[in-house]
Amino acid sequence: MATLSVHDNRTHRSAPTGTTGATAFAAWQEEVAHSRRIERAAESLDLTAYQPRWGEHVSLRLIMLHMIHEYARHNGHADFLREGVDGTVGP
């Protein structure tokens, strides 16, 4: 199995005080573009890279599945917040 060599200093961090929605959205778009460059450069979803937060080598496939899971979780949280504001419930 090949190993993907991607190293940068990206970390999870909170937005600085005074950050606008537009600034946060632009930062998110930059992260999406970075992720897409990695995906395009990968020969396969079976490529692995060391994930220090998890303490192990993981495949690009696992990382992508993890991101789908995270998006689903946070979209669910946003739905609960919206429901609390306007009382509308999903289908």
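Residues numbered from 1 in each chain as written. Predicted model: local features only at pLDDT ≥ 70, side-chain atom pairs only at ≥ 80, totals over all residues. Heavy atoms only, no water.

**A few points about helix α2 (residues 60–86)**
Given 3.6 residues per helical turn, the α-helix brings residues three or four places apart onto the same face. The first and last C-alpha atoms of α2 sit 39 Å apart over 27 residues, in line with the 39 Å expected at 1.5 Å per residue. Looking one or two residues past α2, G87 carries a phi angle of roughly 75°, positive in sign. (Helix = DSSP H or I, 4+ residues; strand = E, 2+ residues; numbered from the N terminus. Expected span 1.5 Å × (residues − 1).)

**Remarks on the pattern of salt bridges**
Counted according to the given criterion, the structure contains two salt bridges. The salt bridge involving D46 is made with R61; its shortest N-O contact spans 2.9 Å. One end of the pair, D46, is in the loop between α1 (21–41) and β1 (48–51); the other, R61, is in helix α2, with 15 residues separating them in the sequence. For R61, a relative accessible area of 37% corresponds to the partly exposed category. Residue E70 pairs with R73 through a salt bridge whose shortest N-O separation is 3.0 Å. With E70 and R73 both in helix α2 and three residues apart, the pair spans about one turn of that helix. (Salt bridge = Lys/Arg side-chain N within 4 Å of Asp/Glu carboxyl O. Buried < 20%, exposed > 50% of the residue type's maximum accessible area, 1.4 Å probe, protein only.)

**Structural notes on a nonpolar patch on the surface**
A cluster of nonpolar side chains, namely F25, W28, W54, L62, I63, M67 and Y71, defines an oily patch on the protein surface of about 650 Å² accessible area. When residues of the nonpolar patch are traced back to their parent elements, those giving at least two are α1 and α2. Within the secondary structure layout, W54 lies in the loop between β1 and β2 (56–59). According to the relative accessible area criterion, W54 is partly exposed, its value standing at 32%. (Patch = residues over 30% accessible without salt bridge, like charges linked within 9 Å, V, L, I, M, F, W, Y side chains within 5 Å. Areas by Shrake-Rupley, 256 points an atom, 1.4 Å probe, with all protein chains shown as cover.)

**Section: α1**
With 21 residues, α1 should cover 30 Å at 1.5 Å per step; its first-to-last C-alpha distance of 30 Å lies within 8% of that length. Of all the residues in α1, the buried ones are V32, H34 and I38. Within α1, the buried residues cover an arc of 160° as seen down the axis, which keeps them to one side. Exposed residues pointing more than 90 degrees away from the buried face of α1 are listed as G21, A22, R36 and R40. (Arc of directions from axis to C-beta.)

**Remarks on the confidence of the model for the protein**
Per-residue confidence for the protein gives a mean pLDDT of 82, with 81% of residues at or over 70. Across the protein, element-level confidence peaks in β2 with a mean pLDDT of 95 and bottoms out in α2 with 85. (pLDDT = per-residue confidence, 0-100.)

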